[in-house]
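Fold and contact review
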Amino acid sequence: MKIKFNDLIKSLLFITVLTIFNSCNVGRFQGFSSHDGSLMLTVENHNGMLTYSLSKNEKVIIENSRLGIKADKFDLSDGLKAITWDSKDHEGKWTQVWGEQKEVEDNYGEMLVSLKSNKNAFKMNVRFRLFDDGLGFRYEIPEQDGIDSYNILDEITEFNFAEDSPSWWIPAYAYRRYEFLYANTLISEISRDKFSELVEDLTGPRIGPEAVHTPFTTQREDGIAIAIHEANLANYSSMTLKANGTKNMECDLMPWSDGTKVKAKGALNTPWRTIIVGETAADLPLSTLTLNLNEPNKLENTDWIKPGKYIGLWWEMIGTNQSTWGSGPHHGAQTERVKEYIDFGSKYGFDGVLVEGWNTGWDENWCCTGDGENFGFYEPHPEFDNEEIAEYAWKNGIRIVGHHETGTQIANYESQLDSAFAYCRKNGIRVVKTGYVNDGSKNIKRIDEDGNVQKEWHHGQYMVEHFRKVLETAAKYEVSIVVHEPIKDTGLRRTYPNMVSREGARGQEFNGFMPIDVHNKPDHTTILPFTRLICAPMDYTSGIFDLKDYRYNSPDDRTINTNHHIPSTISKELAHYVVIYAPIQMAADLPENYKGNPAFQFILDVPTDWEETKILNGEIGKYITTVRKDRNSDDWYLGSITNENARRLDVQMSFLESGKEYNATIYKDPIDGGWEAKPEEVIISNVQFKQDDQYTVELPPGGGQAIRFTPKSQ
Ligand code: NOJ
Ligand code: CA
């Protein structure tokens with residue numbers, strides 16, 4: 001149960017707790033609680049080793065975990081002396097350029113511990129910030145006397161869970177980046193072998209440790225849910241969590257090809273290590289701690305960043321298999337076909353039309369080794385008349401969404417970056433989807449200082465810095481970015497609001513190119529909100545209406561490949577637009593599959609920028625119901641989805657404004673339907689609701705429900 005304190009009491013509590021610990025532990029042991037009193041952090045310097053523990057509702061959830069950094073030129077993991085313990089309280093609020101909610105409260109207590117290594121007087125600060133929704137801490141390494149550049153070899157950051165609880169995870173150091181279904185095991189059971197047994201075969205030679213990606217989510221017996229992640233990942237390599245067969249986990253940094261973890265020069269702040277904590281799992285998706293731990297917006301003018309919806313010449317390659325990215329008789333990105341998409345998009349008020357295969361580079365081996373032909377990022381394919389298309393789109397009031405598949409040829413892309421984004425600006429392109437397909441594990445080519453080719457990991461410092469370079473260049477040309485095969489979301493969108501969305505998980509595409517036995521399972525999108533989507537938009541690309549018998553055997557052989565059946569329903573596809581947040585959402589199916597279907601109206605209506613969001617209910621891997629209020633009207637939207645099981649969920653309409661009556665348009669599956677039985681049948685009905693009404697959402701197996709609420713004019 002959360003205790004509410006008024007402002008005065010909050011500050012008093014913060015100061016009191018610090019004083020108590022100070023007085024009895026004289027600089028060795030300190031602690032304080034979050035503003036709402038539910039979280040309590042203690043930090044101890046014991047025999048030269050710094051440790052922390054975290055409690056929720058007076059129960060220890062992370063116990064006695066070590067902190068420290070080891071570099072080639074200094075060791076700040078042992079023999080430490082705490083010099084000062086400074087604390088302060090912060091209360092603030094800021095407005096998002098776009099988001100799940102307009103206003104974000106930024107309230108925390110902070111403690112800064114400054115330390116010295118006993119032996120050689122190297123210095124380090126550890127800054128802790130405790131919010132109501134979790135803890136963030138980072139290492140701050142000031143300039144060290146006589147040391148210019150150095151390599152971090154290891155970060156001794158432990159996360160020792162008090163309980164061995166069920167957890168949801170995807171493996172790190174595996175071939176397909178973040179694009180896996182989730183495993184659900186006890187923390188102590190995490191291993192690649194277990195993943196192979198439960199999810200997908202990853203046996204065979206390994207070149208990395210036993211580790212998982214973050215956000216890594218676990219839920220205790222008492223219902224408290226915890227996600228370990230990081231915020232503001234910059235100039236550093238990404239953190240994975242090493243598993244060792246116990247309930248304890250440890251930070252493991254993705255290395256460079258030479259084995260060092262981070263290459264640094266001068267003063268350095270690490271990313272924030274975060275522990276997001278919820279009373280229940282339903283608290284996790286709305287945590288704002290990740291955003292609060294990022295720097296404020298750096299872009300002076302953001303008027304050019306527009307949330308919205310797009311269609312695209314995409315599913316006909318990746319899904320229906322009728323067209324190709326590369327040249328040939330079935331090349332998709334041909335001027336006339338693109339104009340048909342523009343006509344459709346403009347008729348229905350879409351903001352963009354994505355076109356893939358518009359440029360050169362797709363003809364030789366582009367996928368998936370990094371060894372293909374070089375892509376040209378401002379050279380249109382001869383069948384794509386870029387000037388004619390730009391003008392046609394302009395006249396029809398719609399924009400082309402650009403596409404930069406790099407095939408992970410980083411040097412090639414970086415050499416064209418400015419010209420590529422200048423091309424976008426010239427052609428009215430204000431959003432670009434980038435891509436980094438390379439299915440090798442440690443297979444990203446980097447040319448070192450001596451001109452030799454080195455192979456890097458997708459999630460190491462080299463790529464973190466590359467992704468930032470692209471984002472900053474795009475901002476210069478007023479272009480927003482949707483990254484596929486990205487580095488994970490650590491809240492960078494606060495600083496660069498042109499970082500609008502990213503993939504970074506298994507998306508809808510797997511239902512396109514993979515056969516039914518390896519499609520995304522019905523529970524996949526009931527896991528994502530509690531893991532990958534915590535405070536992070538995703539380009540999942542929902543909205544497939546033709547869910548069965550949609551894929552041809554090949555572009556030449558137009559017979560149906562019966563091995564494909566998306567484990568979803570049209571109503572669930574609609575609900576995803578509310579459940580899976582992104583400021584730029586795709587209606588992914590072909591225009592012809594939307595024409596004449598009344599359920600399409602929901603996709604046309606649903607906004608992508610919100611005033612407010614609430615999670616009404618949710619259990620990881622089972623179900624979730626999300627409601628959001630439009631930022632530009634008084635409408636509310638509800639999305640509810642289930643896994644493979646049918647269920648009834650009672651929801652209170654208490655989110656609606658009091659004294660108002662709402663017309664609700666409900667899009668639901670028939671009760672004897674579901675992903676197998678009647679995936680494409682949608683029942684649309686109109687009902688009136690008021691704030692004190694209760695409603696039962698009925699979901700068949702693998703189904704969903706979407707509702708639009710519009711206040712009746714008074
Ligand atoms: C993988 C991306 O996720 C997908 O959306 C894209 O179409 C292909 N790469 C080609 O770039
Ligand atoms: Ca992908």
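Read on for an overview of the structure. Because the structure is a prediction, the values reported are computed rather than measured.

Brief notes about the sheet that holds strand S26 (residues 352–355)
- The 7 strands lie next to each other as S32-S31-S28-S27-S26-S25-S33, forming an open sheet whose pairing is parallel. Two strands bound the open sheet, and with one partner strand each, they are strand S32 (499–502) and strand S33 (584–586). For this sheet the average axis-to-axis angle between neighbouring strands, irrespective of direction, equals 30 degrees.
- Direction of pairing for strand S25 (residues 308–313) relative to S26: parallel, over a ladder of 4 bridges. Looking across to S26, one finds that Gly312 is bridged to Leu354.
- Across the sheet, helix H5 (residues 335–347) lies against S25, S26 and strand S27 (399–405), angled at about 155 degrees from S25, the strand it touches most.

A few points about unusual backbone geometry
- For the bond running from Thr214 to Pro215, omega is 0 degrees, close enough to zero to count as cis.
- With respect to the helices and strands, Pro215 occurs in the loop between strand S17 (211–212) and strand S18 (216–219).
- The linkage connecting Cys367 with the following residue, Cys368, adopts the cis geometry, with an omega of 5 degrees.
- Among the structural elements, Cys368 can be located in the loop between S26 and helix H6 (386–395).
- The phi angle at Arg177 is positive, at roughly 55 degrees, despite the residue not being glycine.
- Counting through the fold element by element, Arg177 comes out in the loop between strand S15 (166–169) and strand S16 (183–186).
- The phi dihedral of Asp549 is positive, around 55 degrees, even though this residue is not glycine.
- Along the chain, Asp549 falls in the loop between helix H10 (524–527) and helix H11 (570–579).
- Its relative accessible area of 38% is what places Asp549 among the partly exposed residues.

Some details on the coordination of the calcium ion (ligand 2)
- For the calcium ion (ligand 2), the full set of protein donor atoms is Glu179 (OE), Glu485 (OE), Glu503 (OE), Glu503 (OE) and Glu509 (OE), at a range of 2.2 to 2.6 Å.
- Taken together, the 6 donor atoms coordinating the calcium ion (ligand 2) span angles of 51 to 159 degrees at the metal, a pattern that classifies the geometry as irregular.
- Within one chain, the residues serving as donors to the calcium ion (ligand 2) are arranged as E-x305-E-x17-E-x5-E. Taken as a pair, Glu485 in the loop between strand S31 (480–483) and S32 and Glu509 in helix H9 (residues 509–513) lie far apart in primary sequence, 24 residues in all.
- By relative accessible area, Glu485 is classed as buried at 5%.
- When its relative accessible area of 9% is taken as the criterion, Glu509 is described as buried.

Points about the site of ligand 1
- By nearness alone, 14 residues border ligand 1, and Trp314, Glu356, Glu405, Lys433 and His484 come closest of all.
- Within the contact set of ligand 1, an oxygen atom lies 2.7 Å away from a side-chain nitrogen or oxygen of His484.
- One of the side-chain N or O atoms of Glu485 is found 3.0 Å from an oxygen atom in ligand 1.
- Relative to its unbound accessible area of 290 Å², ligand 1 is 96% covered by the protein chains.
- Tallied by class, residues from the shell around ligand 1 come to 6 nonpolar, 2 polar and 6 charged.

Some details on the packing of aromatic side chains
- This model, assessed by the stated rule, comprises 36 aromatic pairs.
- An angle of 75 degrees between the planes, with centres 5.9 Å apart, marks the rings of Tyr175 and Phe180 as edge-to-face.
- Members of the aromatic cluster, connected to one another through ring pairs, are Trp325, Trp362, Trp366, Phe375, Phe377 and Tyr413.
- Sitting above the plane of the Trp256 ring, Lys263 keeps its charged end 5.3 Å from the centroid.

Quick word on the nonpolar core
- If you look at the biggest cluster of nonpolar residues, it comprises 185 residues, and the most contacted ones within it are Tyr52, Phe128, Phe216, Ile275 and Phe421.
- Mapped onto the domain boundaries, this core takes at least three residues apiece from domain 1 (5–292) and domain 2 (506–714).
- The residues contacting Ile275, other than those within four sequence positions of it, are Tyr52, Leu54, Ile62, Asp133, Gly134, Leu135, Phe159, Ile226, Ala227, Ile228 and Leu289.
- Core analysis: the second largest hydrophobic core is formed by 18 residues, Tyr623, Val651, Ala664 and Phe689 among them.

Conventions and cut-offs
- Residues numbered from 1 in each chain as written.
- Chains lettered and ligands numbered in written order.
- Predicted model: local features only at pLDDT ≥ 70, side-chain atom pairs only at ≥ 80, totals over all residues.
- Heavy atoms only, no water.
- Pairing = 2+ DSSP bridges.
- Helix = DSSP H or I, 4+ residues; strand = E, 2+ residues; numbered from the N terminus.
- Axes fitted to C-alpha atoms, helices over the stretch in contact; angles between N-to-C directions.
- Contact = heavy atoms within 4.5 Å.
- Buried < 20%, exposed > 50% of the residue type's maximum accessible area, 1.4 Å probe, protein only.
- Donors = N, O, S within 2.8 Å, 3.2 Å for Na, K, Ca; no water.
- Tetrahedral: all angles 85-135°; square planar, octahedral: opposite > 155°, others 65-115°.
- Near = heavy atom within 4 Å.
- Polar contact = N/O pair within 3.5 Å; in protein donor to acceptor, adjacent residues only side chain to side chain.
- Areas by Shrake-Rupley, 256 points an atom, 1.4 Å probe, with all protein chains shown as cover.
- Nonpolar A, V, L, I, M, F, W, Y, C, P; charged D, E, K, R; others polar.
- Phe/Tyr/Trp six-rings, centres within 6.5 Å; stacked < 30°, edge-to-face > 60°.
- Lys NZ or Arg CZ within 6 Å of the ring centre and 35° of its normal.
- Core = buried A, V, L, I, M, F, W, Y, C linked by side-chain atoms within 4.5 Å.
- Domains from an automatic or database assignment.

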